[in-house]
Amino acid sequence: MDCPRCSVEMTTIAGDDGVMQRCSDCGGLWVENSDVNRFLVHGDLPALTAIGGFLNTEEMAGQCPACQVDLVEVEGGQKKALHYDTCESCGGIWVEGPEEGDLPETLDWKGGAKQVVGFFRQFAKK
Ligand SMILES: [Zn+2]
Ligand SMILES: [Zn+2]
């Protein structure tokens, strides 16, 4: 699967019963819908549908690496400063890499889960 941003091949990170994809160029993560919700529950956060957000249909968000359909951008967080991309077909989500600091060269499943939970913790803030 290619990164929806950089169009480079992503690295597969294997977990106990799933996989996610990571772009080592931008640090973005592609996570399947069921895994996202599992991470959120473990992070004491509401499910993705309950977190809400605002669809931004103006923004071209790239293509789903799994279904090759256009992704939609969802904005949220304080002053709508954050966004993630999602595929309306498979429900997968794309979370960008950390903006500050050096990108770790590799990330394991736990690290990926931490990145996703950290992002949605900020995203859920109103
Ligand atoms: Zn990338
Ligand atoms: Zn998809």
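Keep in mind that this is a model prediction, so the values were computed, not measured.

In this structure, what is going on with the coordination of the zinc ion (ligand 1)? I would like to understand it.
Octahedral metal centres with six donors ideally show angles of 90 or 180 degrees, and tetrahedral centres with four donors ideally show 109.5 degrees. Protein coordination of the zinc ion (ligand 1) is provided by Cys3 (SG), Cys6 (SG), Cys23 (SG) and Cys26 (SG), with donor distances spanning 2.2 to 2.3 Å. Around the zinc ion (ligand 1), the 4 donor atoms sit at angles spanning 104 to 116°, and that spread fits a shape best called tetrahedral. All donors of the zinc ion (ligand 1) come from a single chain, and their spacing in sequence reads C-x2-C-x16-C-x2-C. Here Cys3 is found in the segment before strand E1 (11–14), whereas its partner Cys23 is found in the loop between strand E2 (19–22) and strand E3 (29–31), with 20 residues between them in sequence. Note on accessibility: Cys3 and Cys23 belong to one class, buried.

Just to check I follow, could you spell out the coordination of the zinc ion (ligand 2) for this structure?
The coordination sphere of the zinc ion (ligand 2) contains the protein donors Cys64 (SG), Cys67 (SG), Cys87 (SG) and Cys90 (SG), at a distance range of 2.2 to 2.3 Å. For the zinc ion (ligand 2), the 4 donor atoms in the first shell make angles of 106 to 116° at the metal, a pattern classed as tetrahedral. Accessibility expressed as a relative area gives 37% for Cys90, which makes it partly exposed.

Help me out: how do you make sense of the layout of surface pockets in this one?
A probe as big as a water molecule, rolled over the atoms, marks out the empty space that is left. Size it by volume and the largest pocket reaches roughly 320 Å³. Around the largest pocket, the lining is made up of 13 residues, and of these Leu82, Glu96, Gly97, Pro98 and Phe119 lie nearest the centre. Taken together, the elements giving at least two residues each to the lining of the largest pocket come down to strand E6 (82–86) and helix H3 (109–123). In terms of residue count, H3 provides more of the lining of the largest pocket than any other element does, 4 residues in total.

Looking at this structure, how should I read the sheet that holds E2?
Strand pairing in a sheet takes place through backbone hydrogen bonds and is either antiparallel or parallel in direction. The 7 strands lie next to each other as E1-E2-E3-E7-E6-E5-E4, forming an open sheet whose pairing is antiparallel. Each edge of the sheet is formed by a strand with only one pairing partner; in this case those strands are E1 and strand E4 (54–56). Each adjacent strand pair in this sheet contributes to an overall mean axis angle of 30°, direction not counted. With 3 bridges joining them, E3 and strand E7 (residues 93–95) adopt antiparallel strand pairing. Note on E7: the bridge partner recorded for Val31 is Ile93. Against the sheet, helix H1 (residues 33–42) makes contact with E2, E3 and E7, and its axis sits at roughly 100° relative to E3, the strand it touches most. Here H3 sits on the sheet and contacts E1, E2, E3, strand E5 (72–76), E6 and E7; the angle it forms with E6, its principal contact strand, is near 120°.

Cut-offs applied
- Residues numbered from 1 in each chain as written.
- Chains lettered and ligands numbered in written order.
- Predicted model: local features only at pLDDT ≥ 70, side-chain atom pairs only at ≥ 80, totals over all residues.
- Heavy atoms only, no water.
- Donors = N, O, S within 2.8 Å, 3.2 Å for Na, K, Ca; no water.
- Tetrahedral: all angles 85-135°; square planar, octahedral: opposite > 155°, others 65-115°.
- Helix = DSSP H or I, 4+ residues; strand = E, 2+ residues; numbered from the N terminus.
- Buried < 20%, exposed > 50% of the residue type's maximum accessible area, 1.4 Å probe, protein only.
- 1 Å grid on protein atoms, 1.4 Å probe; cavity = no way out; pocket = protein on both sides within 12 Å on 5 of 7 lines; lining within 4 Å.
- Points joined across faces, edges and corners; volume = space filled by probe spheres on them.
- Pairing = 2+ DSSP bridges.
- Axes fitted to C-alpha atoms, helices over the stretch in contact; angles between N-to-C directions.
- Contact = heavy atoms within 4.5 Å.

This is a description of form; function is not addressed.
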